[in-house]
Amino acid sequence: MLLLVALSVILLTGCSRGAYPLDFFPEMHYAQSYKIQEPPSLSAPAGSVPRNVTGGPLLGTLPEVEYTLAQAKLLVNPVSKDASVSAGAKLYRANCAVCHGAAGLGDGPMKDRLVTAGYLASPANLTGAGPTKAKPDGEVFLIVTKGFAAAYGLPADRFVMPAFRKLLTDQERWALVQYIRSIQQ
Ligand code: HEC
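Residue positions are given per chain, counting from 1 as you read along its sequence in written order. Restriction of local features to residues with pLDDT of at least 70 applies here, the model being predicted, together with a cutoff of 80 or more for giving and counting side-chain atom pairs; totals for whole chains, interfaces and linings are based on all residues. Heavy atoms throughout the structure, all of them, feed into the side-chain values; hydrogens and water do not.

## Comments concerning the site of the ligand
Here's step 1: Of all residues adjacent to the ligand, which total 24 residues, the nearest are Cys96, Cys99, His100, Lys135 and Met161.
Here's step 2: Two N or O atoms count as a polar contact when they lie within 3.5 Å, although within protein this holds only if one can serve as hydrogen donor and the other as acceptor, and sequence-adjacent residues are included solely when both atoms are side-chain atoms. Contacts to the ligand include lysine 135, whose side-chain N or O atom sits 2.6 Å from an oxygen atom.
Here's step 3: Within the backbone of methionine 161, one N or O atom sits 3.1 Å away from an oxygen atom of the ligand.
Here's step 4: Those elements that provide at least two residues to the shell around the ligand are α5 (97-100), α7 (137-146) and α9 (170-182). Definition of nearness: a residue and a molecule or strand are near each other if at least one heavy atom of the residue lies within 4 Å of the molecule or strand. Every helix listed is a DSSP run of H or I at least four residues long, and every strand listed is a run of E at least two residues long, numbered separately from the N terminus.

If you want it as structure tokens, here you go:
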């Protein structure tokens, strides 16, 4: 019986439903009960441009500039520290703490599961004791935007740090950079 349970656990963890071998953000629409209630998704008419309420471009939805690592290193954080650290902290708790840990020490609850799943690196320590402090703001922004593997041209199946380009707006990702700086002092 125990063996059977163990076997099904192994088999189930092996199932990949999302983009990653490990589903760390299980999404509601995977559930059959929810799926059948979802309306068909409609595409916007050809040529339409997303706008926010003030008529400006909708950040995060317009095609973004593809920065190389060298270009990204020169970027200056457009959001001020005072205005964004608390928003960044909130975003961090929702999106990053599961891997990087509540205090950014790289010891989140996902840490051991990533190692078992065969990923090469553990979540980085983002505090002043880790490698991120020495990296310029734009490089950190690029890692959060594209994911670790894509930022450095490494194999995507060995490095799990996800790309947040489609999940968070530019401003939110820059606010996270400000928050990471604030825990490095
Ligand atoms: C699924 C786990 C996971 C999540 C969620 C995650 N990370 Fe990571 N992160 C990693 C891992 C693992 C690494 C080490 C490189 C690798 O293996 O991809 C890393 C690396 C990094 C690095 C580079 C560290 C360095 O200096 O080398 C930064 C910065 C970072 N993450 C920030 C974030 C932020 C900000 C979020 C939330 C928006 C986040 N991460 C969410 C797993 C995760």
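Text resumes after the structure shown.
## What about the side chain of glutamate 139?
Here's step 1: Assignment of secondary structure puts glutamate 139 in helix α7.
Here's step 2: Classification of glutamate 139 as buried rests on a relative accessible area of 6%.
Here's step 3: Note on definitions: a residue-residue contact is assigned when non-hydrogen atoms from the two residues lie within 4.5 Å. Setting aside anything within four residues of it in sequence, one finds glutamate 139 in contact with Leu69, Ala72, Lys73 and Tyr152. Only protein chains enter the accessibility calculation, which uses a 1.4 Å probe. A residue is then buried if its area is under 20% of the maximum for its type, exposed if over 50%, and partly exposed in between.

## Topic: the coordination of the iron atom of the ligand
Here's step 1: The iron atom of the ligand binds to the protein through His100 (NE2) and Met161 (SD); the donor distances cover 2.0 Å.
Here's step 2: What the 6 donor atoms of the iron atom of the ligand show is an angle range of 87 to 180 degrees at the metal, which sorts the shape as octahedral. Within this pair, whereas histidine 100 is found in helix α5, its partner methionine 161 is found in the loop between α8 (148-152) and α9, the two being separated by 61 residues in sequence. Only nitrogen, oxygen and sulfur atoms count as donors, using a 2.8 Å cut-off from the metal that widens to 3.2 Å for Na, K and Ca. Water is left out, so coordination shells may look unfilled. For a four-donor site, all angles between 85 and 135 degrees give tetrahedral; for four or six donors, opposite pairs above 155 degrees with the remaining angles between 65 and 115 give square planar or octahedral; all remaining cases count as irregular.

## What about α9?
Here's step 1: A helix is expected to span 1.5 Å for every residue after the first. Given a rise of 1.5 Å per residue, 13 residues ought to cover 18 Å, and the 19 Å separating the end C-alpha atoms of α9 matches this to within 8%.
Here's step 2: A large share of α9 lies buried, amounting to 10 of its 13 residues.
Here's step 3: Burial in α9 covers these residues: Asp170, Arg173, Trp174, Ala175, Leu176, Val177, Gln178, Tyr179, Ile180 and Arg181.

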